[in-house]
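One-letter residues, chain by chain:
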Amino acid sequence: MLPMPAGGRAPAPLPLTMRAVLILSFLLAATLSQKMFSGDQVLRIKAKDEKQLQLLRDLEDSEDLKVDFWHAPARPSLPVDMRVPFSNLKSVKNYLNSSGISYTIMIEDVQVLLDEERKGMTASRRLERSTSSFRYNSYHTLEEFSTGNKTRPAIWIDTGIHAREWITQATGVWTAMKIATDYGEEPVLTDVLNHMDIFLEVVTNPDGFAYTHSMNRLWRKNRAINPNSTCKGVDPNRNWRSGFGGAGSSNNPCSETYHGPFPHSEPEVASIANFIQKHKHFKVLISIHSYSQMLLYPYGYRKEPTHDNEELDNLARDAVEALSQVHGTEYVYGRTISTIYVANGITIDWAYEHDVKYSFTFELRDTGIYGFLLPASQIIPTAEETWPAILTIMKHARDNPY
C-alpha cells in the first residue's frame, strides 16, 4: 500500500498509459527470467560415413558454438538432431557446408514452439482453476503434481529423469490415473496388481524439471553444483554404476552427458538404487524417455547380448505391436547399443545386472518433427498408446516368475 500523503488525500491514480507501461514491464521481466531461444534452429543431419560423424562430434567439443545435440552422432544410419543458437547459425552452417555435410531444418524457430507451449499451459491453468479439474492433456509444473508390500514382486516405472522430456512426466501422470481408475475394472491390470506392486516415480529429476519451467525449457541434467566448474548439472542417466564413465558419457561438467564425479553420486540415482536393492523383489523396471519412438533393452554399454536376449526381444516385439494398434504409431525395438547408440551408466543396464530381468527404456514420440517440444495435443494419444505396451510387459512378468 502507498503511504498517505500529507493532508490525508489519496494519491491520484496513475494515468492509463503509465499503468500499461508498468504492466508491460512486469510481463517482460517475467518472460526474461526464462532463457530465450529466439531464432535458434534445430538441424537434422544424416551423416554419410564415420568421417562425417567425427566432424559432427568435433562441433560438440567446441564450447564457443554452444551446439546442443538432441540426438548425438552415433552411426550413419541414425539422424543427428542439434539445436544451434541463432548467433552461431551462420558459423555452423558454413562448417557443415564446407565439410560437405547436408542438413535440413527440423525446427525453424525454437522460440515459436516454446511460446505456443507456454500459451497452452496458461490457458489450461485458467480452465483448471475455473472447473476444479485436472487436465491430462496439458503440461504441468512441479508444484502441480505407494506404499507397497515389501515381500511381493514389484514393478518400477520412472519418468522425467531427463528434465526437458516433458512428454514423459505427462505420460506418467496419465498412467497413474489409468492404474487408479482401471483397477477392479480391467481384468489384466487388476490381476497384475493383485499379485504385484507398482511403484511410479513421475518426477525423477525434480530440480532439473523445475528449472525447465523457471529458466531454461531445454535443460536436460539435474542442477548439481560441480566443484571447480562454472557449469552445473549431472546427467542422471549416465550416473549408474554399470559401465560408468565409458563411451556415450562425458567427463566434462559442461557436457549434456556429464556422468558425475563417481557412480551414484546423484541423489536421484542413489535413492532409486538403494530402494530397489533393499526391496529385493523388483521384476520389472521401465524408464520412460523421449524422443525417437523406440523400445530398448540392455545392454547400452556392452556389445554382447544378455542371457535373456531372446526373451526380451520377443517381449519388446509384443509390446511394440500392442502400442501400434492404438493409433498406428510405429516403434523400433532392440538392444540399446545396436538400436540407438553406445550409452554407459544407464538405468536399465544397472537394473538388469541387479536381477531386474525385464528392464526396458521407452523413447516416446516423435521421430523428429517437434523433438523435445511435442505439442500438448499429443500428450493423451502418446499416453494411450504407451499404456498397452507397459501392460504387456507387466503381464509377461506376472506370467513368468523367476
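Residues numbered from 1 in each chain as written. Predicted model: local features only at pLDDT ≥ 70, side-chain atom pairs only at ≥ 80, totals over all residues. Heavy atoms only, no water.

1. Some remarks on the overall build of the protein chain
Turning to step 1, where the next piece is worked out: When helices and strands are counted, the protein chain shows 12 helices and 10 strands.
Turning to step 2, where the next piece is worked out: Within the protein chain, the proportion of its 402 residues that are buried is 51%.
Turning to step 3, where the next piece is worked out: Element-wise, carbon and sulfur atoms account for 56% of the exposed surface of the protein chain, whose accessible area totals about 18900 Å². (Helix = DSSP H or I, 4+ residues; strand = E, 2+ residues; numbered from the N terminus. Buried < 20%, exposed > 50% of the residue type's maximum accessible area, 1.4 Å probe, protein only. Areas by Shrake-Rupley, 256 points an atom, 1.4 Å probe, with all protein chains shown as cover.)

2. Quick notes on the nonpolar core
Turning to step 1, where the next piece is worked out: In this structure, Phe360, Phe362 and Met394 are the most contacted members of the largest nonpolar core, which totals 46 residues.
Turning to step 2, where the next piece is worked out: Within the residue set of this core, elements represented by two or more residues are β5 (154–159), α5 (166–182), α6 (187–195), β7 (282–290), β8 (294–297), α9 (309–327), β10 (358–364) and α12 (379–399).
Turning to step 3, where the next piece is worked out: If one sorts the elements of this core by residue count, α12 sits on top with nine residues.
Turning to step 4, where the next piece is worked out: With residues up to four places along the chain from it excluded, the contact list for Phe360 reads Leu285, Ile286, Ser287, Leu295, Leu296, Tyr297, Leu312, Leu315, Ala316, Ile348 and Ile393. (Core = buried A, V, L, I, M, F, W, Y, C linked by side-chain atoms within 4.5 Å. Contact = heavy atoms within 4.5 Å.)

3. Observations concerning the sheet that holds β5
Turning to step 1, where the next piece is worked out: One open sheet holds the six strands; their spatial order is β6-β5-β7-β10-β8-β9, and the pairing between them is mixed. A single partner strand is all that each edge strand has here, and the edge strands are β6 (197–201) and β9 (332–335). Between one strand and the next, the sheet's axes are offset by a mean angle of 15 degrees, whatever the strand orientation.
Turning to step 2, where the next piece is worked out: As judged from the five bridges shared by β5 and β6, these two strands associate in the parallel manner. Following the sheet pairing, Trp156 is matched in β6 by Phe199.
Turning to step 3, where the next piece is worked out: Along the sheet face, α5 touches β5, β6, β7 and β10 and points at about 135 degrees away from the line of β7. (Pairing = 2+ DSSP bridges. Axes fitted to C-alpha atoms, helices over the stretch in contact; angles between N-to-C directions.)

4. Some words on the sheet that holds strand β4 (residues 103–107)
Turning to step 1, where the next piece is worked out: Here four strands make up an open sheet; going across it, the order is β2-β3-β1-β4 and the pairing antiparallel. Two strands in the sheet have a free side with no partner beyond their single neighbour: β2 (68–71) and β4. Across the sheet, the axes of successive neighbouring strands diverge by a mean angle of 30 degrees, strand direction being ignored.
Turning to step 2, where the next piece is worked out: As paired elements, β2 and strand β3 (residues 80–84) share three bridges and run antiparallel to each other. Bridge assignment links Asp68 to a residue of β3, and that residue is Arg83.
Turning to step 3, where the next piece is worked out: Along the sheet, helix α3 (residues 89–98) contacts β1 (41–45), β3 and β4; its crossing angle with β1, the most-contacted strand, is approximately 10 degrees.

5. Examining the environment of Glu330
Turning to step 1, where the next piece is worked out: In this fold, Glu330 is placed in the loop between α9 and β9.
Turning to step 2, where the next piece is worked out: Of the residues examined, Glu330 reaches a relative accessible area of 59% and is grouped as exposed.
Turning to step 3, where the next piece is worked out: Counting along the chain gives 37 residues from Glu330 to Thr367, while the straight-line C-alpha distance between them is 9.8 Å.

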